[in-house]
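# A structural walkthrough
Each chain is listed here by its residues.
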Amino acid sequence: MSDILIVDDERDIRELVSDILEDEGYATRLAGNSDDCMAAINTEPPALLILDIWLKDSRMDGIDILKTVKRDNPDVPVVIISGHGNIEIAVAAIKQGAYDFIEKPFNIDQLMVVIKRAMEASRLRRENSALKRRGVSTADMIGSSPAYRGLIGQLDKVTKSNGRVMLSGPAGCGKEIAARYVHARSNRARGPFISVNCATVEPERMEEVLFGRETAARGVEPGLLEQAHGGVVYFDEVADMPLGTQSKILRVLVDQQFQRVGGTDKVRVDLRVISSTSRNLESEIAAGRFREELYHRLNVVPIAVPSLEERREDIPLLAEHFITQCHEAQGLPKRSLSDEAIALMQTMIWPGNVRQLKNLVERVLILGDGTGPIEARELPGDEARPTDDGRVVLTGALATLPLREAREAFEREYLLTQINRFGGNISRTASFVGMERSALHRKLKSLGVVTSSKSGARVARVDTSAETVD
């Protein structure tokens, strides 16, 4: 979309206009009839279309071409020129979406002013539309843990390709942020990023939402796929897409075109598809709820997004990032985190992952009093923690065990938590808990605690096959 297409059945006029525009630094293409015009537009939409109303020996006149262009390429401004101008024709052209109407013989200076204004207006509309589509979400990826570095390494490998990516991971772990990261660093970064939440769209409306619709009363209403043309469409929780829609999306991936609901014309799109799921799609296929062929089309590059539990080292960085966000967006106090609060946050259970952490930070900033550091007592949870008089309140489960079993259970859970907090680093864990590294290794062995690799990080777990020794 970088040149001007000039359509006129009079060769002298289209060449004259072309020479003038090229002298002004514009690139041009020429067409003498409707077939050549549509072929040129289908090859590459122009930045602007200069269109004669009356085209001899053509299947379509200028108004027909105008309707088609504004339907399929609404961002392309159209300037109508005609040697048989009258008010009725001008009004009809403007109603169909023409930017302006100029009567032949036209004044060159007037034509240049209209062209410059039309292209500037089109540019502003595209930028405004892109900003609205992208919304306020950003592609900020925060972290330094091994699991985070492994994820970034995989994402960086797919940014410059056009391959389809399937992101998997539990809800709230940041799959959409990962998709936006890929988009922002790809050659489609200037194009739109359209997110489709398959879990929230009503099944009976899914096809209208994706493909758009055409009705006599309301005309053309573009769908999300059309809005994503030239950019990325992100199918969030793709397992929730209705089976009937899955087959049509499969056809779009193959042909890169579709029909609007109620329409007959083919709409061509240039899309990169990124999908995500928190389910096991192979199990969904076995249960008959997901098309296997679509799975293979979408799962070209599978990337697992780690849960917050797998990247506990990143919790302080993420929390500080969310504090800054809340301060800048809502004017909430920009508080720091105490060491005790950080330690507690790194040991908490996070079923909602990064989303839960963000919500927790916002809640603490809203409900907290003062601007000092966030303290552990301000954080929710039922975990055993010191009271004001130094006592530790036991959970119900520990309180019902004999002393020896309670001690072992506490030590096991305590050391599991600390090892995972430090990303599986035994040396850092030993330093924090105040043990020699060799003594910690012996203690872990006696408690049946082992470490293994997961998502690029070392994760501690209980080896159920190991025998606990005294």
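Residues numbered from 1 in each chain as written. Predicted model: local features only at pLDDT ≥ 70, side-chain atom pairs only at ≥ 80, totals over all residues. Heavy atoms only, no water.

## Section: the nonpolar core
By size, the foremost hydrophobic cluster in this structure holds 32 residues, and its most contacted members are Leu-225, Phe-235 and Ile-249. Elements with a contribution of two residues or more to this core: β7 (193-197), α8 (206-211), α9 (224-227), β10 (232-236), α10 (243-255), α11 (281-286) and α12 (292-298). Look past the residues within four positions of Ile-249 in its chain and what remains in contact with it is Leu-210, Phe-211, Leu-225, Phe-235, Met-241 and Leu-294. (Core = buried A, V, L, I, M, F, W, Y, C linked by side-chain atoms within 4.5 Å. Buried < 20%, exposed > 50% of the residue type's maximum accessible area, 1.4 Å probe, protein only. Helix = DSSP H or I, 4+ residues; strand = E, 2+ residues; numbered from the N terminus. Contact = heavy atoms within 4.5 Å.)

## A short note on a negative patch on the surface
A cluster of acidic side chains, namely Asp-19, Glu-22, Asp-23 and Glu-24, defines a negative patch on the protein surface. Residue position: Glu-22 is located in helix α1 (residues 11-23). Take Glu-22: its relative accessible area is 42%, and that puts it in the partly exposed class. (Patch = residues over 30% accessible without salt bridge, like charges linked within 9 Å, V, L, I, M, F, W, Y side chains within 5 Å. Areas by Shrake-Rupley, 256 points an atom, 1.4 Å probe, with all protein chains shown as cover. Salt bridge = Lys/Arg side-chain N within 4 Å of Asp/Glu carboxyl O. Lys, Arg positive; Asp, Glu negative; His and termini not counted. Charge placed at Lys NZ, Arg CZ, Asp CG, Glu CD.)

## Thoughts on the sheet that holds strand β5 (residues 100-103)
If you walk across this open sheet you meet the 5 strands as β2-β1-β3-β4-β5, and the pairing is parallel. Every other strand in the sheet has two partners, leaving β2 (28-31) and β5 as the edge strands with one partner each. The average undirected angle you get between the axes of adjacent strands in this sheet is 20°. Of the pairings in the sheet, the one linking strand β1 (residues 4-7) to strand β3 (residues 48-52) comprises 4 bridges and is parallel in character. Looking at the pairing, Val-7 lines up with Leu-51 of β3. (Pairing = 2+ DSSP bridges. Axes fitted to C-alpha atoms, helices over the stretch in contact; angles between N-to-C directions.)

## A few points about the pattern of salt bridges
Under the defined criterion, the tally for this structure stands at 23 salt bridges. A salt bridge links Lys-104 to Glu-10, with the nearest nitrogen and oxygen atoms 3.7 Å apart. One end of the pair, Lys-104, is in the loop between β5 and α5 (108-134); the other, Glu-10, is in the loop between β1 and α1, with 94 residues separating them in the sequence. Between Glu-207 and Lys-248 there is a salt bridge, and its shortest N-O distance comes to 2.7 Å. In this pair, Glu-207 sits in helix α8 while Lys-248 sits in helix α10, placing the two residues 41 residues apart along the sequence. By relative accessible area, Glu-207 is classed as partly exposed at 22%. A single salt-bridge network, built from bridges that share partners, covers Asp-8, Glu-10, Asp-52 and Lys-104.

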